[in-house]
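Structure at a glance
Below, each chain spelled out in residue letters.
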Amino acid sequence: MSWKVEVDGGTCIGSGMCAALLPKVFELEGATATVVEGEVNPDESVLDAADSCPAMAIEVTEKGEVIGPRP
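What comes next is a walk through the structure. This one's a predicted model, so the numbers in the text were calculated from it and none came from an experiment. (Residues numbered from 1 in each chain as written. Predicted model: local features only at pLDDT ≥ 70, side-chain atom pairs only at ≥ 80, totals over all residues. Heavy atoms only, no water.)

Before going further, it helps to examine the overall build of the protein chain. A tally of helices and strands in the protein chain yields two helices and six strands. Written out in order from the N terminus, the α and β elements of the protein chain read β-α-β-β-β-α-β-β. Since a compact globule built from 71 residues should have a radius of gyration of about 11 Å, the 11 Å found for the protein chain is in line with a globular shape. Across its three principal directions, the C-alpha atoms of the protein chain cover 30 × 25 × 15 Å. Restricting to contacts in the protein chain with at least 6 residues of sequence separation, those with at least 24 account for 50%. (Helix = DSSP H or I, 4+ residues; strand = E, 2+ residues; numbered from the N terminus. Rg over C-alpha atoms; globule rule 2.2 N^0.38 Å. Contact = heavy atoms within 4.5 Å.)

For the rest of this paragraph, the subject is the sheet that holds strand β1 (residues 3-7). The strand order across the open sheet built from four strands is β4-β1-β5-β6, with neighbouring strands paired in antiparallel fashion. Each edge of the open sheet carries a strand with a single partner, namely β4 (39-40) and β6 (65-68). Here strand β5 (residues 58-62) pairs with β6 via three bridges, running antiparallel. Bridge pairing in β6 places Thr-61 opposite Val-66. Lying on the sheet, helix α2 (residues 44-52) is in contact with β1, β4, β5 and β6; it crosses β5 at an angle near 145°. (Pairing = 2+ DSSP bridges. Axes fitted to C-alpha atoms, helices over the stretch in contact; angles between N-to-C directions.)

We now examine unusual backbone geometry. Peptide bonds are mostly trans, and most non-glycine residues show a negative phi. Put simply, Gly-68 and Pro-69 share a cis peptide bond, and its omega is 5°. Tracing the sequence through the fold places Pro-69 in the segment after β6. At Met-56, a residue that is not glycine, the phi angle is positive and equals roughly 55°. Take Met-56: it is sitting in the loop between α2 and β5. The phi dihedral of Lys-63 falls on the positive side, at around 55°, and the residue is not glycine. Within the secondary structure layout, Lys-63 lies in the loop between β5 and β6.

A word on the pairing of β1. Residues Trp-3, Val-5 and Val-7 of β1 are buried on one face, while the alternating residues Lys-4 and Glu-6, pointing to the opposite face, are not. Pairing geometry for β1 and β4, over two bridges, is antiparallel. Among the inter-strand pairings, Trp-3 is bridged to a residue of β4, identified as Val-40. Of the strand pairs in this sheet, β1 and β5 are connected by four bridges, and their pairing is antiparallel. Bridging from a neighbouring strand, Val-7 pairs with Ile-58 of β5. (Buried < 20%, exposed > 50% of the residue type's maximum accessible area, 1.4 Å probe, protein only.)

Everything listed here is a matter of coordinates, which is why it stays silent on function.
Structure below.
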């Protein structure tokens, strides 16, 4: 089982919080973050990164169901 991670480049404000938390998954390219690995093993820290995004630009899905950011 794996999770799919995406960053909405139109919503991202480039705060860099995700890249600071998980540099193996996210990187900051100019003014926006991008995903280094689009498919990741389930890991609570990926959800933490989605939760901490001030623009709510990160989406984590499992089998097509959105699991992050958490409400």
